[in-house]
Amino acid sequence: KDSMLRRQRLLAHHDVRLLFDVGANAGQYARLLRRGGYRHEIVSFEPQSSAFRELATRAARDRAWRALNVALSDFDGTTEINLAGNSLSSSLLDMLPAHAESAPESSYVGRETVTTRRLDGLLPTLAPPGIATYLKIDTQGFELKVLQGAGEALRQIDTLELELSLVPLYDGAPLFADMLAWLAARGYELVGLEPAF
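Residue numbers restart at each chain and count upward from 1, following the sequence in its written direction. Given that the model is predicted, a residue must reach a pLDDT of at least 70 before its local features are reported, and side-chain atom pairs must reach 80 or more before they are shown or counted; all residues, however, enter totals for whole chains, interfaces and linings. Neither water nor hydrogens contribute to the side-chain values; these are computed over all heavy atoms in the structure.

Section: the overall build of the protein
Then step 1. Under the DSSP-based scheme used, a helix requires at least four consecutive residues in state H or I and a strand at least two consecutive residues in state E, with every element numbered from the N terminus. Scanning the protein from N- to C-terminus turns up seven helices and eight strands.
Then step 2. The C-alpha atoms of the protein give a radius of gyration of 16 Å, which matches the 16 Å a tight globule of 197 residues would have.
Then step 3. By its C-alpha atoms, the protein is 40 × 35 × 35 Å across when sized along the principal axes.
Then step 4. Any two residues whose heavy atoms approach within 4.5 Å at even a single point are treated as in contact. Contacts in the protein between residues far apart in sequence, at least 24 positions, make up 67% of those at least 6 positions apart.
Then step 5. Of the roughly 10,300 Å² of accessible surface on the protein, a fraction of 53% belongs to carbon and sulfur atoms.
Then step 6. Here the positive residues are Lys and Arg and the negative ones are Asp and Glu; neither His nor the chain ends is included. Every charge is mapped onto a representative atom, which is NZ of Lys, CZ of Arg, CG of Asp or CD of Glu. On the protein, the mean spot of the 21 positive side-chain charges and the mean spot of the 25 negative ones are 9 Å from each other. Using C-alpha atoms as the atom set, the radius of gyration is obtained and then compared with a globule rule of 2.2 Å times the number of residues to the power 0.38. Using a 1.4 Å probe, the Shrake-Rupley method yields the accessible areas, and only the shown protein chains count as cover for residues.

What to know about the packing of helix α6 (residues 143–150) against helix α7 (residues 176–184)
Helix packing geometry: the angle between the two helix axes and the distance between the axes.
Then step 1. For helices, the axis comes from a line fit to the C-alpha atoms of the stretch in contact; other axes are also lines fit to C-alpha atoms, and the angle between any two N-to-C directions lies between 0 and 180 degrees. Contact pair α6 / α7: the axes reach a minimum separation of 11 Å and the direction vectors enclose 15 degrees. Taken together, the axes of α6 and α7 are roughly parallel relative to one another. The handedness of the crossing between α6 and α7 comes out as left-handed. Contacts between α6 and α7 involve E143, L144, L147 and Q148 on the former and, on the latter, M179, W182 and L183.
Then step 2. Of the residues assigned to the contact of α6 with α7, the class counts are five nonpolar, one polar and one charged. Any angle between 65 and 115 degrees counts as roughly perpendicular, while under 35 counts as roughly parallel, over 145 as roughly antiparallel, and the rest as oblique. Note on convention: the crossing is left-handed when the near helix lies turned anticlockwise from the far helix by less than a right angle, right-handed when the turn is clockwise. Each residue gets one label: Ala, Val, Leu, Ile, Met, Phe, Trp, Tyr, Cys and Pro are nonpolar, Asp, Glu, Lys and Arg are charged, and the others, such as Gly, are polar.

Things to note about helix α2 (residues 28–36)
Then step 1. Only protein chains enter the calculation, and the probe is 1.4 Å; a residue is then buried if its accessible area is under 20% of its type maximum, exposed if over 50%, and partly exposed in between. Residues Y29, A30, L33 and R34 constitute the buried set of α2. Viewed along the axis of α2, the buried residues span an arc of 140 degrees, placing them on a single side of the element.
Then step 2. Against the buried residues of α2 lie α1 (2–13), β1 (18–22), β2 (41–45), β3 (65–68), β7 (133–137) and β8 (157–162).
Then step 3. A positive phi of about 115 degrees marks G37, the residue just after α2. Regarding the arc, it is the one traced by the directions from the helix axis to the C-beta atoms.

In structure tokens:
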């Protein structure tokens, strides 16, 4: 509850009018935002077909919520996503043993071919210039690739929310300190932390 209140205050402070929900799964994050009082535009990105069907159904009931069936990445094309038993831990990266041992229900159960797009290529169709934009990325270790695919679009993104790890959970995923350094080099500064898995 406290973390959602802090997030709502942050959105209001920056007058955020557009929120990109990357790695939306079935729309859990966007629903929390709505319950917390955020009423502006949300664009949710989810590549998994089963999760996307549920996401699209929920978004269809909200005129300010749009759902796209793509994985944001650093290239336009297709790739395979690893499907986790709990859906939430699905990733374009291979899961490391430490993750599967800590949460056996997250072990991979299959793969699916998905479409990938760069955010900088999509931005002109999603956001008018100058609108305050918030980017939330929860892509199970793939966050840096999403940011690299944002390119010049980062100039329009005032605030980022990322799920980051202190220990290796996905093969090739940068850790917390590496991501902070990458973001600091691009003018971002840390404004809050909340614990997760």
